[in-house]
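# Examination of the molecular architecture
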Amino acid sequence: MIFKQEKLKLVWLAMLLILAGTFFVSLFGGRYFISPGEVGKILSAGPRGGAQDSMAVSVVWNLRLPRTLLNALVGAGLAVAGASYQGIFKNPLVSPDVLGVSSGAAFGAALGILLSGVNQLATVLALVFGILSVFMTYTLSKLRGESSTLSLVLSGMIISAVFSALISLIKYVADPYDKLPAITYWLMGSFANSSYSNLKLVGVPILVGTVLLLLLRWRINILSLGDEEAYSLGINPVRTRLVIIAMATFITAACVTVTGVIGWVGLVIPHICRMLVGEDHKNLLPASCIIGAIFMIIVDMIARSATAAEIPIGILTAIVGAPFFAILFKTSKGDWQ
């Protein structure tokens, strides 16, 4: 037991060091290379930069710093939402879009782009429809007169299919020379429009939702045992499950509003964290935050540095996530509970 605790401490220390290292590397790495020493001087001198090169100061403070912060927030948010969904649904194949959140938010953003282009309206509509989709999913699941996990999942599949069809309709009627490319690019996911205003817009809901999920991680452990055990321990599983779903949904919808649809993060990262810290959500959710942030920062660095034109990050997360998940599926030998 003592050895296990010491091992966990080393794992936590390694994760934090890797997070700090990737964060700093993202500030000087890229097509416009800035030496690590110069980045350190720019950060210590502040946004005005003092005697530093004005171009380098602008790149670090106005482009890379808000983008990297948004990388970390979105990666942590999607990963902790995925781990929470998997815990309450007791299904390792569940991801943040299981209740139609991503599809609903994507429809809202596509509708906003169709009406007025890429602006605040698209962001607001994405958040509204992301939350609305979960409300519709929950309402549909109650039509059967029960509140089982299976009903929620099946209802989520139905709502996702409806919103996916509506997205296709919007793409069909959109201007092929103006609105359609913007909608298509947005749906593939990107951090290209990262800014301090977007960071302020989604930072609060992501942080609030993540903190609340971390506070409820003990109850996710209880929910994973079943409803009868939860009732016996004095916890209302239906009410608790709804609160956790609401927080995870709020996080996911906020992420989608500024980055578009980014898949696989909420599905793959929790499995990596289980391999590192175990099944206990006391450790799993904080680890998911850290590993999710690291993963998103690294993938976004590749997206903006690998080619002259920025690669949509949703493509890269699928390229990385799908093969990794296939390997994980093979090595698990069907032993997922």
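Just so it is clear, the model here is predicted, and its values are computed rather than measured. (Residues numbered from 1 in each chain as written. Predicted model: local features only at pLDDT ≥ 70, side-chain atom pairs only at ≥ 80, totals over all residues. Heavy atoms only, no water.)

### Let's talk about the overall build of the chain
Keep this limit in mind: Each helix is a run of H or I in the DSSP string that is no shorter than four residues. Each strand is a run of E no shorter than two, and both are numbered from the N terminus. Both definitions apply: the radius of gyration is a C-alpha atom measure, and the globule rule equals 2.2 Å times residues to the power 0.38. Per-residue accessibility, obtained with a 1.4 Å probe over protein chains only, is compared with the maximum for each type, and a residue is labelled buried under 20%, exposed over 50%, and partly exposed between these values. Using a 1.4 Å probe, the Shrake-Rupley method yields the accessible areas, and only the shown protein chains count as cover for residues. Counting rule for charge: Lys and Arg are taken as positive, Asp and Glu as negative, and neither His nor the chain ends is counted. Positions of charges follow a simple convention, taking NZ of Lys, CZ of Arg, CG of Asp or CD of Glu.
If you tally the helices and strands in the chain, you get 14 helices and 0 strands. On C-alpha atoms alone, the chain measures out to a radius of gyration of 21 Å, which is about the 20 Å that the 2.2 N^0.38 rule sets for 337 residues. With the principal axes as the frame, the chain shows a C-alpha extent of 65 × 60 × 35 Å. For the chain, with 337 residues in total, the buried portion stands at 50%. Accessible surface, the chain: about 15800 Å² in total, of which carbon and sulfur atoms supply 69%. Both charge centroids of the chain, one from 23 positive and one from 15 negative side chains, sit 4 Å from each other.

### Thoughts on helix α4 (residues 101-116)
The condition that has to hold: Expected span, for any helix, means 1.5 Å times one less than how many residues it has.
Taking 1.5 Å per residue, 16 residues should reach 22 Å; α4 reaches 23 Å between its end C-alpha atoms and fits that length. Counting buried residues along α4, 12 of its 16 residues qualify, which places the element largely inside the surrounding structure. All buried positions along α4 are accounted for by Val101, Ser102, Ser103, Gly104, Ala105, Ala106, Phe107, Gly108, Ala109, Ala110, Gly112 and Ile113. Downstream of α4 by a residue or two, Gly117 has a phi angle that is positive, lying close to 85°.

### A word on the confidence of the model for the chain
Let me state the cut-off plainly: What pLDDT expresses is the predictor's confidence in each residue, scored from 0 to 100.
In the predicted model, the chain carries a mean pLDDT of 86, and 93% of its residues have values of at least 70. Ranking the elements of the chain by mean pLDDT puts helix α14 (residues 313-332) last, at 80, and helix α13 (residues 281-305) first, at 94.

### Here we look at the nonpolar core
Selection rule: Among buried residues, those of type Ala, Val, Leu, Ile, Met, Phe, Trp, Tyr and Cys that are joined through side-chain atoms within 4.5 Å constitute a nonpolar core. Note on contacts: a residue pair is in contact if any heavy atoms of the two residues lie within 4.5 Å.
Of all hydrophobic cores here, the largest spans 61 residues; its most connected members are Tyr85, Ile88, Phe89, Leu99, Leu213, Ile245 and Met296. Sorting the residues of this core by element identifies α1 (2-28), α3 (54-89), α8 (196-215), α9 (217-223), α11 (237-259), α12 (265-277), α13 and α14 as the ones contributing at least two each. Ranked by residue count, the leading element in this core is α13, at 14 residues. Residues in contact with Leu99, not counting those within four places in the same chain, are Tyr85, Phe89, Ser133, Val134, Thr137, Leu152, Gly156 and Ile245. Core analysis: the second largest hydrophobic core is formed by 19 residues, Phe107, Ala110, Phe129 and Ala174 among them.

### So, the environment of Ser164
Its place among the elements puts Ser164 in helix α6 (residues 149-173). Its relative accessible area of 35% is what places Ser164 among the partly exposed residues. Residues Ser164 and Phe107, spaced 57 residues apart in sequence, show a C-alpha to C-alpha distance of 7.4 Å.

### Quick word on the pattern of salt bridges
Put simply, the rule reads: Each reported salt bridge corresponds to a side-chain nitrogen of Lys or Arg within 4 Å of a carboxyl oxygen of Asp or Glu.
A full pass over the atoms with the stated rule returns 4 salt bridges. When the shortest N-O distance is used, the salt bridge between Asp300 and Arg67 registers 2.7 Å. Separated by 233 residues along the polypeptide, Asp300 in helix α13 and Arg67 in helix α3 bring together distant segments of the chain. Among the residues examined, Arg67 registers a relative accessible area of 10% and is labelled buried. Across the pair Arg67 and Glu310 runs a salt bridge, and its minimum N-O distance is 2.7 Å. Taken together, the residues Arg67 in helix α3 and Glu310 in the loop between α13 and α14 connect sequence positions 243 residues apart.

### Thoughts on the packing of helix α5 (residues 120-142) against α11
Using the following cut-off: The axes are straight lines fitted to the C-alpha atoms, using for helices just the contacting stretch, and the angles between their N-to-C directions are given from 0 to 180°. The scheme is simple: roughly parallel for angles under 35 degrees, roughly antiparallel for over 145, roughly perpendicular for 65 to 115, oblique for anything else. Less than a right angle of anticlockwise turn of the near helix away from the far helix marks a crossing as left-handed, whereas a clockwise turn marks it as right-handed. Polar here means any residue outside two lists: the nonpolar Ala, Val, Leu, Ile, Met, Phe, Trp, Tyr, Cys and Pro, and the charged Asp, Glu, Lys and Arg; Gly therefore counts as polar.
Put simply, α5 and α11 touch, their axes get as near as 8 Å, and they point 150° apart. Comparing their axes, α11 and α5 come out roughly antiparallel. Here the hand of the crossing between α5 and α11 comes out right-handed. Only Leu242, Ile245, Thr249, Phe250, Ala253, Ala254 and Thr257 of α11 make contact with α5, whose side of the interface consists of Thr123, Ala126, Leu127, Gly130, Ile131, Val134 and Tyr138. Looking at the contact of α5 with α11, its residues break down into 10 nonpolar, 4 polar and no charged.

### Looking at α3
With 36 residues, α3 extends 51 Å between its outermost C-alpha atoms, agreeing within 8% with the 52 Å of an ideal straight helix rising 1.5 Å per residue. By the criterion of burial, α3 is predominantly enclosed, with 30 of the 36 residues buried. Positive phi shows up at Lys90, right after α3, with a value of about 55°.

### Concerning the packing of aromatic side chains
Definition in use: Classification of ring pairs rests on two measures: the distance between centres of Phe, Tyr or Trp rings, Trp counted by its six-membered ring, which must be within 6.5 Å, and the angle between planes, read as stacked under 30 degrees, edge-to-face over 60 and tilted in between.
Enumeration according to the criterion identifies 6 aromatic pairs in this entry. Look at Phe28 and Phe33: their rings are 5.9 Å apart centre to centre, the planes differ by 85°, and that puts the pair in the edge-to-face class. Geometrically, the ring pair formed by Phe107 and Phe129 is edge-to-face, given 5.0 Å between the ring centres and 85° between the ring planes. In this pair, Phe107 is assigned in helix α4 and Phe129 in helix α5, connecting sequence segments 22 residues apart.

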